[in-house]
Amino acid sequence: MEKKLENLQILVNHLTYHYPDGTIALKGINLNIYSGEIVGIMGKNGAGKSTLIKTFNGLLKPTTGTVYIENDEVNNVLMSKLTRKVGIVFQNPDLQLFANTVEDEIKFSLKNLNFSKTELENQIYLTLEKFKLKKFQNRTPFTLSGGEKKRLAIASIMCRNPEIIVFDEPTIGQDAEGVEFIKNLIKEKHAEGKTIIIVTHDIEFAIDNIPRTILMADGLIVADGPTNKILSQDQILNIGSLISPQLIKLSKFLIDLKLKVPEDVYIKENMVQFLGSYFKDKMGITEGGKP
Amino acid sequence: MNLIKFEDFSFKYDQAQDFVLKDIKLNIESGKFILLCGITGSGKTSLVRAMNGLIPQFYHGEIKGDVFVKGKNTKNVPTSTLSRDVGLVFQNPENQLIAMNVEREIAFGPENIGIPWDEMDSRIKECIKITDIEHLRKKAPFEISGGEQQRVAIASILALQPEIIIFDEPTSLLDPKSAIQILNLLKKILLEKKISTIIVIEHRLDIVLPLADEVILIDKGRIIEHGEAHYVINGEKFLNSGVNIPKCVSVFQKLMNQNIFTGKLPISIEETKNLINSIK
Ligand SMILES: Nc1ncnc2c1ncn2[C@@H]1O[C@H](COP(=O)(O)OP(=O)(O)OP(=O)(O)O)[C@@H](O)[C@H]1O
Ligand SMILES: Nc1ncnc2c1ncn2[C@@H]1O[C@H](COP(=O)(O)OP(=O)(O)O)[C@@H](O)[C@H]1O
Ligand SMILES: [Mg+2]
Ligand SMILES: [Mg+2]
């Protein structure tokens, strides 16, 4: 969707947030997020990422400044309306999960959404299926492995089908299949037109899946732009306590070798292709095999 | 020397139907930086719980075989004693933080085992430096960010100066630069012989592999590969295991499949650069 005023979905103006103990976690945030965007938030530990997203569903009230979700100012809208619109999957699943069984966790999440009994059962079934939790249905969440818990936490938010989905560190503890699952989930929700915000330290995930990244440092937004740009400029990397993804490092190295590399060589398939022809060239390999 | 030894060890949680650890034979030697990997639910956490006696003393279930930590059978020696040899840091530290402020949190462990005050002071200083949390000293451990909590949890285990340090993903929330810095500092104190061995579980393999001497690969409760890092990374089992293969490895794996490249797959960017240079 275009970045037009009517598509503006989250508008943050001069936002500050002070925790009760006096810590100033946000020092003046200005931010526009448009409907249907996928936006990453990155930055050093303690930069204020989690604090910022907690203001989106009213969990934390701005100290000064304003946050608008569509046309509602978060201070003036019912929390229940806000939590229906904005679903946040928190960093630590242990603080989000509380039910006695995996099934109850989903059931509780669907409460108050006015489902009939059969609809509710159907929704629970579909959610457990989709998130590959069927076999844990009757287990207590406490005994799940870390990656399994994270999947349950995601399921319990996604089943409510919020318009704006916020993931705080979705890939921690996930293996390749888990990462692939989250990647596909994001694609699917993006195709449905949802707005997706992803707080992450996973640079390899970000470079592949997140087009726009906001970089935070010390309570402020210090950069906002295409993820591949953010993750390749040394000065920005330093401020953000970040490093470049492997293939960006590699493409810089290739450029230093004075090779003519395509701009998007940091994408895996392109790197394979580039190095493939480079090696063939150097070693005099002809099509289809070794010299 | 064998620091930890598993002798045909199997374990099934009370609540579970299947064994989560199966016929584990494993020797952990000193002087090693070890990466433990495997897909979600493969048994990584369970394996390290068996290394400090949490299994079977806290998590009950059916056991076969034995585990020895520096010769002590983990069935018989209380976890409080074992924890002097083995320091285990968990993924979600907020579940284990208890003290009034960060400084007290770090002092808690050493105080409990009667470390004299002056030594304690220098230990705390060092741990705070390694984890870069000077600015959090007086803050409440439950009123800081997730990554900051992980730093505190790491610091409070380091303060105990255990011989064996085990990280069960406590670096998952650290920003990439800090994660690398902290792991590098651990490697440094390992090389200085201030600790004997470190075992790390972390799903961002690209961050840990460059430091790893050994890799243990676990699948469905069995150790299916264990050896020098290059050896494991180049094996079919690792490449098909479903863990997050670093991009530099998978790029060269593709080139290998296309018969363009033969040789050892590079496990770090440095090695990848050398490889490309060697072809020039
Ligand atoms: N409940 C709290 N009370 C007081 N200060 C807090 C609280 N929670 C967080 N802080 C502080 O606010 C700042 C921002 O924290 P926040 O959790 O937003 O960081 P973050 O960017 O999400 O970090 P991480 O990458 O570690 O998750 C930090 O300085 C932190 O110590
Ligand atoms: N306390 C427990 N009770 C019953 N089953 C458990 C318990 N803890 C873990 N499990 C199960 O044991 C298997 C291995 O889990 P875990 O060792 O946590 O794996 P990993 O750390 O590799 O993700 C998983 O299927 C998990 O659900
Ligand atoms: Mg956070
Ligand atoms: Mg685990």
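Provide a residue-level description of the overall build of chain A, including the pertinent values.
When helices and strands are tallied, chain A shows 11 helices and 10 strands. In terms of its C-alpha atoms, chain A occupies a principal-axis envelope of roughly 70 × 45 × 35 Å. When the 291 residues of chain A are sorted by exposure, 55% land in the buried category. Summarising the internal contacts of chain A: among those between residues at least 6 apart in sequence, 61% fall at separations of at least 24. Across chain A, 36 positive and 35 negative side-chain charges occur, with their mean positions spaced 1 Å apart.

Break down the interface of chain B and chain A for me, with residues and values.
How big an interface is tends to be expressed through the accessible area that disappears when the partners come together. With 51 residues of chain B at the contact, the number on the chain A side is 57 residues. Around 4700 Å² of area is buried between chain B and chain A when both sides are counted, 60% of it from carbon and sulfur atoms. Three residues stand out in chain B for area buried against chain A, namely Thr40(B), Lys247(B) and Ile260(B), and they jointly supply 15% of the buried area on that side. At the boundary of chain B and chain A, one finds 4 salt bridges. In this structure, Asp21(A) engages Lys139(B) in a salt bridge whose closest nitrogen and oxygen atoms are separated by 3.4 Å. The interface formed by chain B and chain A holds 23 residue pairs in polar contact (both at pLDDT 80 or more) in total.

Residues and numbers for the site of ligand 2, please.
Residues in contact with ligand 2 amount to 16 residues; listed here are only the nearest, Arg139(A), Gly41(B), Lys44(B), Thr45(B) and Ser46(B). In the model, an oxygen atom of ligand 2 is placed 3.3 Å from a nitrogen or oxygen of the Ser42(B) main chain. Protein coverage of the free-state accessible area of ligand 2, which is 560 Å², stands at 90%. Examining the composition of the shell around ligand 2, we find that 4 residues originate from one element, helix H1 (residues 44-49) of chain B, more than from any other. Its residues assigned to classes, the shell around ligand 2 comprises 4 nonpolar, 8 polar and 4 charged.

I'd love a proper account of helix H7 (residues 176-191) of chain B, names of residues and values included.
Residue and element names in this part refer to chain B. In a regular helix each residue adds 1.5 Å, so 16 residues correspond to 22 Å; H7 covers 22 Å between its end C-alpha atoms and thus fits that length. For H7, the set of buried residues is Pro-176, Ser-178, Ala-179, Ile-182, Leu-183, Leu-186, Lys-187, Ile-189 and Leu-190. Positive phi shows up at Lys-193, right after H7, with a value of about 65°.

Mind laying out the packing of aromatic side chains, listing which residues take part and the relevant values?
This model, assessed by the stated rule, comprises 11 aromatic pairs over all chains. Between Phe279(A) and Phe252(B) the ring centres are 6.0 Å apart and the planes differ by 55°, which places this aromatic pair in the tilted class. With Phe279(A) in helix H11 (residues 268-283) and Phe252(B) in helix H11 (residues 247-257), the pair connects residues from two separate chains. Judged by its relative accessible area of 0%, Phe279(A) is buried. Residue Phe252(B) is classed as buried on the basis of its relative accessible area of 0%. Summarising the aromatic geometry, the rings of Phe252(B) and Phe261(B) are spaced 5.2 Å apart at their centres and angled 75° between planes, so their arrangement reads as edge-to-face. What links up through ring pairs into an aromatic cluster is the set Phe274(A), Tyr278(A), Phe279(A), Phe252(B) and Phe261(B). Above the ring of Phe19(B), the side-chain terminus of Lys64(B) is found at 4.5 Å from the ring centroid.

Could you give an account of H11(A), naming the residues involved and the relevant values?
Counted at 1.5 Å a residue, the expected span for H11(A) with its 16 residues is 22 Å, and the 22 Å between its end C-alpha atoms agrees. Taken together, the buried positions of H11(A) are Met271(A), Val272(A), Phe274(A), Leu275(A), Gly276(A), Tyr278(A) and Phe279(A). Packed against the buried residues of H11(A) are helix H10 (246-256) of chain A together with H11 and helix H12 (269-279) of chain B. Looking one or two residues past H11(A), Gly284(A) carries a phi angle of roughly 65°, positive in sign.

Can you break down the coordination of the magnesium ion (ligand 3) residue by residue, with the values?
Residue and element names in this part refer to chain A. Protein coordination of the magnesium ion (ligand 3) is provided by Ser-50 (OG) and Gln-91 (OE1), with donor distances spanning 2.0 to 2.3 Å. Of this pair, Ser-50 sits in helix H1 (residues 49-54) while Gln-91 is found in the loop between strand S6 (86-89) and helix H3 (102-110), placing the two residues 41 residues apart along the sequence. Relative accessible area serves as the criterion here: at 19%, Ser-50 is assigned to the buried category. For Gln-91, a relative accessible area of 15% corresponds to the buried category.

Tell me about the nonpolar core, and name the residues and values.
Nonpolar side chains in soluble globular proteins generally cluster together in the buried interior. Grouped together as the largest cluster of nonpolar side chains are 121 residues, with contacts concentrated most on Phe167(A), Leu275(A) and Phe252(B). Within the second largest apolar cluster, 31 residues are counted, among which are Leu21(B), Ile24(B), Ile55(B) and Ile199(B).

Tell me about the side chain of Ser250(B), and name the residues and values.
With respect to the helices, strands and loops of the structure, Ser250(B) is situated in helix H11. A polar side-chain atom of Ser250(B) sits 3.4 Å from a polar atom in the side chain of Lys268(A). The residues contacting Ser250(B), other than those within four sequence positions of it, are Lys268(A) and Ile245(B).

Lay out the sheet that holds strand S4 (residues 61-69) of chain B with the relevant residues and their values.
Residue and element names in this part refer to chain B. Strand order in this open sheet of 4 strands is S2-S1-S4-S5, and the pairing throughout is antiparallel. Either end of the sheet is taken by a strand with one partner, and the two such strands are strand S2 (21-29) and strand S5 (72-73). For S4 and S5, the ladder comprises 2 bridges, and the chain directions are antiparallel. Among the inter-strand pairings, Val-69 is bridged to a residue of S5, identified as Lys-72.

So what's going on with the sheet that holds strand S5 (residues 72-73) of chain A? Which residues, and what values?
The sheet built from 4 strands is open, its strands ordered S2-S1-S4-S5 (chain A) with antiparallel pairing. Each edge of the open sheet is held by one strand with a lone partner, namely strand S2 (24-34) and S5 of chain A.

Before we move on, can you summarise the packing of H3(A) against helix H5 (residues 146-158) of chain A with the specific residues and values?
Residues and elements named next belong to chain A. One can describe the packing of H3 onto H5 by two numbers: an axis separation of 8 Å at closest approach and a directional angle of 25°. Taken as axis vectors, H3 and H5 run roughly parallel relative to one another. Between H3 and H5 lies a crossing whose hand is right-handed. Between H3, through Val-102, Glu-105, Ile-106 and Ser-109, and H5, the contact on the second element is made entirely by Leu-152, Ala-155, Ser-156 and Ile-157. For the contact of H3 with H5, the per-class residue count stands at 5 nonpolar, 2 polar and 1 charged.

Thresholds, definitions, all that
Numbering of residues begins from 1 in every chain and follows the order in which that chain's sequence is written. All chains are assigned letters beginning with A, and all ligands numbers beginning with 1, in the order in which they are written. Totals for whole chains, interfaces and linings use all residues, but because this is a predicted model, local features are given only for residues with pLDDT of at least 70 and pairs of side-chain atoms are given and counted only at 80 or more. To get the side-chain values, take all heavy atoms of the structure and skip hydrogens and water. Numbering of helices and strands runs from the N terminus, with a helix taken as a DSSP run of H or I at least four residues long and a strand as a DSSP run of E at least two residues long. Each residue is assigned to one of three classes by its accessible area relative to the maximum for its type, calculated with a 1.4 Å probe on protein chains only: buried under 20%, partly exposed between the two thresholds, exposed over 50%. For this analysis, residues touch if any pair of their heavy atoms sits within 4.5 Å. When charges are counted, neither His nor the chain ends are considered; positive counts come from Lys and Arg and negative counts from Asp and Glu. Taken as the charge centre is NZ of Lys, CZ of Arg, CG of Asp or CD of Glu, depending on the residue. Here the buried area means the combined drop in accessible surface, using a 1.4 Å probe, for two parts upon being joined, counting both sides. For this analysis, a salt bridge means a side-chain nitrogen from Lys or Arg found within 4 Å of a carboxyl oxygen belonging to Asp or Glu. For the purposes of these results, a polar contact is taken to be a pair of N or O atoms within 3.5 Å, where, inside protein, one atom must be able to donate a hydrogen and its partner to accept one; residues adjacent in sequence count only when each atom of the pair is a side-chain atom. The rule for a residue being near a molecule or strand is that one of its heavy atoms must lie within 4 Å of it. A 1.4 Å probe and the Shrake-Rupley method give the accessible areas. Residues count as covered only by the protein chains that appear here. Amino acids are sorted into nonpolar (Ala, Val, Leu, Ile, Met, Phe, Trp, Tyr, Cys and Pro), charged (Asp, Glu, Lys and Arg) and polar (every other residue, Gly among them). What a helix is expected to span follows from its residue count: subtract one and scale by 1.5 Å. Any pair of Phe, Tyr and Trp rings, taking the six-membered ring for Trp, is counted once the centres come within 6.5 Å. Such a pair is stacked with planes under 30 degrees apart, edge-to-face with planes over 60 apart, and tilted for the rest. Either the NZ atom of lysine or the CZ atom of arginine qualifies as a charge over a ring when it sits within 6 Å of the ring centre and within 35 degrees of the ring normal. Donor criterion used throughout: N, O or S atom within 2.8 Å of the metal, extended to 3.2 Å for Na, K and Ca. Water excluded; incomplete-looking sites may result. Nine residue types can take part in a nonpolar core, namely buried Ala, Val, Leu, Ile, Met, Phe, Trp, Tyr and Cys, and a core is a set of them joined through side-chain atoms within 4.5 Å. Pairing between two strands requires that DSSP report at least two bridges joining them. The axes used here are C-alpha line fits, helices contributing only the stretch in contact, and every angle between their N-to-C directions lies in the interval 0 to 180 degrees. Should an angle fall under 35 degrees it is taken as roughly parallel, and over 145 as roughly antiparallel, whereas 65 to 115 is taken as roughly perpendicular and any remaining angle as oblique. Put simply, a crossing is left-handed when the front helix is turned counterclockwise from the back one by less than a right angle, and right-handed when it is turned clockwise.

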